[in-house]
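Examining the three-dimensional arrangement
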Amino acid sequence: MLSRMLFKVTFPLAAANVMNQAARMVMTIVGPVLAVELGLSAVELGVLAACLFAAYAAAQLPLGVALDAFGARRVQTVLMLIAAAGFAIFALSPGFAGLVVARIVLGVGISAGLMAVIKAHADWFDRSRVAHVTGIATAIGALGSALTTSPVQALLPALGWRGIFWGLCLLALGAATWIFLSVPDKPSVAGPKRTLRSDIALSGRILASRTFWRLAPAVATLSMFNFVYLGLWAGPWLRDVAGMDGPTRAGVLFFFTFAMVAGSVLTGSAASRASAVGLPPFVVPIVCLAGLVLLQVILILQPSHPAVVLALWLAIAVFGASGPAGYVAVCQMFPPEQTGRVSTAVNTLTLGLAFLVQAATGWILDLWPRTAPGGWDPDGYSWALALTAALQALAALVMATAQRRRHAV
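Source: prediction; values computed, not measured. (Residues numbered from 1 in each chain as written. Predicted model: local features only at pLDDT ≥ 70, side-chain atom pairs only at ≥ 80, totals over all residues. Heavy atoms only, no water.)

Let us now look at a nonpolar patch on the surface. A surface patch of nonpolar side chains, about 320 Å² in accessible area, is lined by V43, W363 and L367. Within the fold, W363 resides in helix α15 (residues 339-365). Taking relative accessible area as the criterion, W363 reaches 55% and is therefore assigned exposed. (Patch = residues over 30% accessible without salt bridge, like charges linked within 9 Å, V, L, I, M, F, W, Y side chains within 5 Å. Areas by Shrake-Rupley, 256 points an atom, 1.4 Å probe, with all protein chains shown as cover. Salt bridge = Lys/Arg side-chain N within 4 Å of Asp/Glu carboxyl O. Helix = DSSP H or I, 4+ residues; strand = E, 2+ residues; numbered from the N terminus. Buried < 20%, exposed > 50% of the residue type's maximum accessible area, 1.4 Å probe, protein only.)

With that out of the way, let us pick up the packing of helix α7 (residues 150-182) against helix α11 (residues 246-276). Packing of α7 against α11 brings their axes to within 8 Å, and their N-to-C directions diverge by 155°. Compared by their axis directions, α7 and α11 come out roughly antiparallel. Of α11, the residues touching α7 (which contributes S150, P151 and Q153) are G246, P247, A250, G251 and F254. Of the residues belonging to the contact of α7 with α11, the class tally is four nonpolar, four polar and no charged. (Axes fitted to C-alpha atoms, helices over the stretch in contact; angles between N-to-C directions. Parallel < 35°, antiparallel > 145°, perpendicular 65-115°, else oblique. Contact = heavy atoms within 4.5 Å. Nonpolar A, V, L, I, M, F, W, Y, C, P; charged D, E, K, R; others polar.)

Next up on the list: the nonpolar core. Among the nonpolar cores identified, the biggest contains 129 residues, and W237 and W313 are the most heavily contacted of them. Here this core gets 17 residues from one element, more than from any other, and that element is helix α1 (residues 2-37). Contact partners of W237, with chain neighbours within four places excluded, come to A242, L299, P303, V309, W313, Y381 and L385. (Core = buried A, V, L, I, M, F, W, Y, C linked by side-chain atoms within 4.5 Å.)

According to the stated counting rule, one finds three salt bridges in the structure shown. Between R74 and D185 there is a salt bridge whose closest N-O contact spans 3.3 Å. On the criterion of sequence distance, the pair formed by R74 in helix α3 (residues 72-92) and D185 in the loop between α7 and α8 (196-207) is long-range, its members being 111 residues apart. Among the residues examined, R74 registers a relative accessible area of 47% and is labelled partly exposed. Of the charged contacts, one joins R239 and D240 as a salt bridge, the two residues approaching to 2.7 Å between their closest N and O atoms. Take R239: its relative accessible area is 21%, and that puts it in the partly exposed class. Residue D240 is classed as buried on the basis of its relative accessible area, which comes to 17%.

So, about unusual backbone geometry. A positive phi angle, close to 60°, is found at Q302, a residue other than glycine. A relative accessible area of 28% places Q302 in the partly exposed class.

This paragraph deals with the confidence of the model for the protein. Model confidence for the protein is summarised by a mean pLDDT of 84, while 93% of its residues fall at 70 or above. Looking across the protein, the model is least confident in helix α6 (residues 127-147), with a mean pLDDT of 73, and most confident in α3, with 94. (pLDDT = per-residue confidence, 0-100.)

So, on to empty space enclosed by the protein. The full count for this structure, using the stated rule, is four cavities of 30 Å³ or more. For the lining of the largest cavity, the elements supplying multiple residues, two or more each, are α1, α6, α10 (224-240), α11 and α14 (323-331). The dominant element in the lining of the largest cavity, judged by the number of residues it contributes, is α1, at four residues. Along the lines of polarity and charge, the residues of the lining of the largest cavity split into eight nonpolar, eleven polar and one charged. (1 Å grid on protein atoms, 1.4 Å probe; cavity = no way out; pocket = protein on both sides within 12 Å on 5 of 7 lines; lining within 4 Å. Points joined across faces, edges and corners; volume = space filled by probe spheres on them.)

A separate point is the layout of surface pockets. With a probe scaled to a water molecule rolled over the atoms, the places where space remains empty come into view. Taken as a whole, the second largest pocket spans an internal volume of roughly 160 Å³. Lining the second largest pocket, in full, are R214, P217, A218, A220, T221, L349, L353, L391, L394, A395 and V398. Those elements giving two or more residues to the lining of the second largest pocket turn out to be α9 (210-220), α15 and α16 (378-408). Across the lining of the second largest pocket, the residue classes tally to nine nonpolar, one polar and one charged.

On to the packing of aromatic side chains. Following the criterion strictly, the structure yields 13 aromatic pairs and no others. Ring centres of W233 and W376 lie 5.7 Å apart, and the angle between their planes is 85°; on these two criteria the pair is classed as edge-to-face. One end of the pair, W233, is in helix α10; the other, W376, is in the loop between α15 and α16, and 143 residues separate them in sequence. Of the two residues, W233 and W376, neither departs from the other in class, the shared state being buried. Here the aromatic residues F225, Y229, W237, F256 and W313 are joined through ring pairs into a cluster of three or more. Across the ring face of F180, the terminal group of R73 is positioned such that the distance to the ring centre comes to 4.3 Å. (Phe/Tyr/Trp six-rings, centres within 6.5 Å; stacked < 30°, edge-to-face > 60°. Lys NZ or Arg CZ within 6 Å of the ring centre and 35° of its normal.)

The geometry of helix α2 (residues 42-70) relative to α3 is characterised by a closest axis approach of 7 Å and an angle of 130° between their N-to-C directions. Classified by the interaxial angle, the pair formed by α2 and α3 is oblique. Touching L63, A66, L67 and F70 of α2 are A72, R74, V75 and L79, all from α3.

See the structure below:
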């Protein structure tokens, strides 16, 4: 029964999550090409990446209501068709304005990646299995980042960046078809009929909760670094600071994605074990935030030895994959029937923060003159990393303080 439902529910929705990761990751490889071919500045590249996160974030709260009302099958099928349209618009765009529109459409189209998985698993699996099968789906989804590293770098000379986006368009159409044909509709639930007004009111109560605001913003910083750097700036950093060429950069990012897969499994397992032995629910997120801060401090020093650079970015991938563990910890502070709404609310904060930091990174880099090869000054990257390290250090402190107060009560 478990394997049957994995094929019917988990794998098709994980395919949509692959497209989610691919849409976010592809700019890391094609971003430098766009900057040269279309003459885009760092700010414009940052805006392109940030537009996706802004649209993604804006869709989260309505998405939570839609998933509860219509189920993962219908919502995710429609959204994958929208994502396909976004890839097509990007491929057809002659300049910056069209690319912005495409990224906004894409942000809406991929907005249900993880949330649809969580909702469908809650509908079709026993509660004790939800975390396990969600971990499987998350690991599969992370392969979308691998799809858009070395494979895209290898195909880029032959297809060009427009051809790459047409290929992603076809994959999104395939995911939409698979979900529509395979995933069952959400089961009917006995009880009072849901209304849009009651759904909106419940979302409002969650957003007004002191518990939510005490912990959710700190948890949002867990995934921030991966969103900001894996979504755009990791590739340019590897070029401008570590001095790596295109294939080498793609190779590092390729291994980075597999380290994320391992990190998803390791941090999820560690969080479950910590809970089983009675440790505080936020112990794993706090440790991972501390690790991320330390690793960024080392990156600020501008290491360039290939082995050191690879080790640092792989470690960042492992610690940065702990975001879902933080989401689960926040959701467990609320009744189980509110999990969908709570998770999308946390995701809204994560994506909004990613939008701001993504754009701020581009602004910081443009404070320095462009280098001769068309890149950015390494000192600019160090100051941008200081910003994200400071935010995550503050988040770890807030989370630890809240956890200590809760334990004292």
